[in-house]
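Observations on the three-dimensional arrangement
Here's the letter readout for the chains.
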Amino acid sequence: MKIIESKNYLKMSHTACQILAEQIGQNPKIKLGLATGSTPIGLYNRLIHLNKKKEISFQKVTTFNLDEYVGLPATHPNSYHYFMRENFFQHIDINEANTHIPNGMAYDLEKECIRYQQVIETAGGMDIQVLGLGENGHIGFNEPGTSFSEETHIISLEKSTREANARFFDNIDQVPKKAITVGINTIMQSKQVILLISGETKAEAYNRLVNGGITETFPASILQKHKNCIVLVDQETTFQITN
Ligand SMILES: O=P(O)(O)OC[C@H]1O[C@](O)(CO)[C@@H](O)[C@@H]1O
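How each quantity is defined
- Residues numbered from 1 in each chain as written.
- Predicted model: local features only at pLDDT ≥ 70, side-chain atom pairs only at ≥ 80, totals over all residues.
- Heavy atoms only, no water.
- Helix = DSSP H or I, 4+ residues; strand = E, 2+ residues; numbered from the N terminus.
- Buried < 20%, exposed > 50% of the residue type's maximum accessible area, 1.4 Å probe, protein only.
- Contact = heavy atoms within 4.5 Å.
- Axes fitted to C-alpha atoms, helices over the stretch in contact; angles between N-to-C directions.
- Parallel < 35°, antiparallel > 145°, perpendicular 65-115°, else oblique.
- Left-handed = near helix turned anticlockwise from the far one by under 90°.
- Nonpolar A, V, L, I, M, F, W, Y, C, P; charged D, E, K, R; others polar.
- 1 Å grid on protein atoms, 1.4 Å probe; cavity = no way out; pocket = protein on both sides within 12 Å on 5 of 7 lines; lining within 4 Å.
- Points joined across faces, edges and corners; volume = space filled by probe spheres on them.
- Phe/Tyr/Trp six-rings, centres within 6.5 Å; stacked < 30°, edge-to-face > 60°.

**So, the environment of Ser198**
Following the sequence through the fold, Ser198 ends up in the loop between β9 (192-197) and α7 (203-211). Judged by its relative accessible area of 16%, Ser198 is buried. Sequence separation between Ser198 and Val182 is 16 residues, and the spatial gap between their C-alpha atoms is 22 Å. Those residues in contact with Ser198 that sit more than four places away from it in its chain are Tyr9, Met12, Thr39, Asp234 and Thr237.

In structure tokens, the structure reads:
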């Protein structure tokens, strides 16, 4: 893993944007794996800015989101379909048909996982996978204990994850208990991984990522084995460790 430490969240987002913009410039048909959560919003804002200035185009780009809650329709403000539309897709020149997100409303969820995995594989996998980091070490919604060999699958969300995400809902009871997530094996096959980590609440997870062993009880630890993984972290996170 290559670690790039930025002074603050804005600078970290800027660095992430530079990496992506350069790669999109080199490969207009790039396949991007995208994440939700608070952390990548700054990156999306920067990319929107460059797209509006016509410095980059998403017309030929294909995207695959990591995850979606089970039981939330695309119109639900807390669904990841809604998140992506609001925070990114509706502001850029991407072809909607080229954006992919698992369908958490599918009647047969197992079949939906197989379908989604096939769409990713038919496209040849991700060129770059953007990731956030859960406080418990999850990447996508791969919770601690998820096998490293998993592909797209249904996951039961941990209480701590539901508690952390309850901030977006009226109360914790409204946070879905299950989600569909791209698996760790698929994430690891991405040619490049960009892991974004910001804020003091991620300090312990960051410490474990960098200094701990590789274990399924801390899913992000597998990234230590990825051949091209860049960790972008801000000093709000690292400050907690070095001081
Ligand atoms: O960026 P945040 O909001 O801290 O979330 C971190 C991770 O947690 C999730 O939001 C899921 O809980 C992921 O989508 C994200 O990568």
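Now that the structure is up, let's keep going.
**What to know about the packing of helix α1 (residues 9-26) against helix α2 (residues 41-52)**
For the pair α1 and α2, interaxial distance at closest approach is 8 Å and the crossing angle is 55°. Judged by the inter-axis angle, α1 sits oblique to α2. Crossing geometry of α1 relative to α2 is assigned as right-handed. Residues Tyr9, Ser13, His14, Ala16, Cys17, Leu20 and Ala21 of α1 touch α2, and the partners they reach there are Ile41, Gly42, Leu43, Arg46, Leu47 and Leu50. Taken together, the residues of the contact of α1 with α2 sort by class into nine nonpolar, three polar and one charged.

**Describing the layout of surface pockets**
Put simply, the largest pocket is a space of about 520 Å³. In this structure, the largest pocket is lined by 28 residues; those nearest its centre are Gly37, Leu133, Asn165, Arg167 and Lys202. A total of four residues in the lining of the largest pocket trace back to one element, the largest contributor, which is helix α5 (residues 159-165). Residues that form the lining of the largest pocket fall into these classes: 10 nonpolar, 14 polar and four charged. Surrounding the second largest pocket, Ala74, His81, Arg85, Phe89, Gln90, Ile92, Ile94, Glu96, Ala97, Thr99, His100 and Ile101 form its lining. Broken down by secondary-structure element, the contributors of at least two residues to the lining of the second largest pocket are α3 (80-87) and β5 (99-100). Split by residue class, the lining of the second largest pocket holds six nonpolar, four polar and two charged.

**Looking at the packing of aromatic side chains**
Inspection of every chain in the model, using the stated rule, returns nine aromatic pairs. Centre to centre, the rings of Tyr44 and Phe88 are 4.5 Å apart; their planes meet at 15°, and the pair counts as stacked. Highlighted residues: Tyr44 in helix α2 and Phe88 in the loop between α3 and β5, separated in sequence by 44 residues. Of the two residues, Tyr44 and Phe88, neither departs from the other in class, the shared state being buried. Plain terms: the ring middles of Phe64 and Tyr116 are 6.4 Å apart, the flat faces sit at 80° to each other, and that makes the pair edge-to-face. Here Phe64, found in strand β3 (residues 62-65), pairs with Tyr116, found in helix α4 (residues 109-122); they are 52 residues apart in sequence, far enough to count as distant. These aromatic residues form a ring-pair network of at least three members: Tyr69, Tyr80, Phe83, Phe141 and Phe169.

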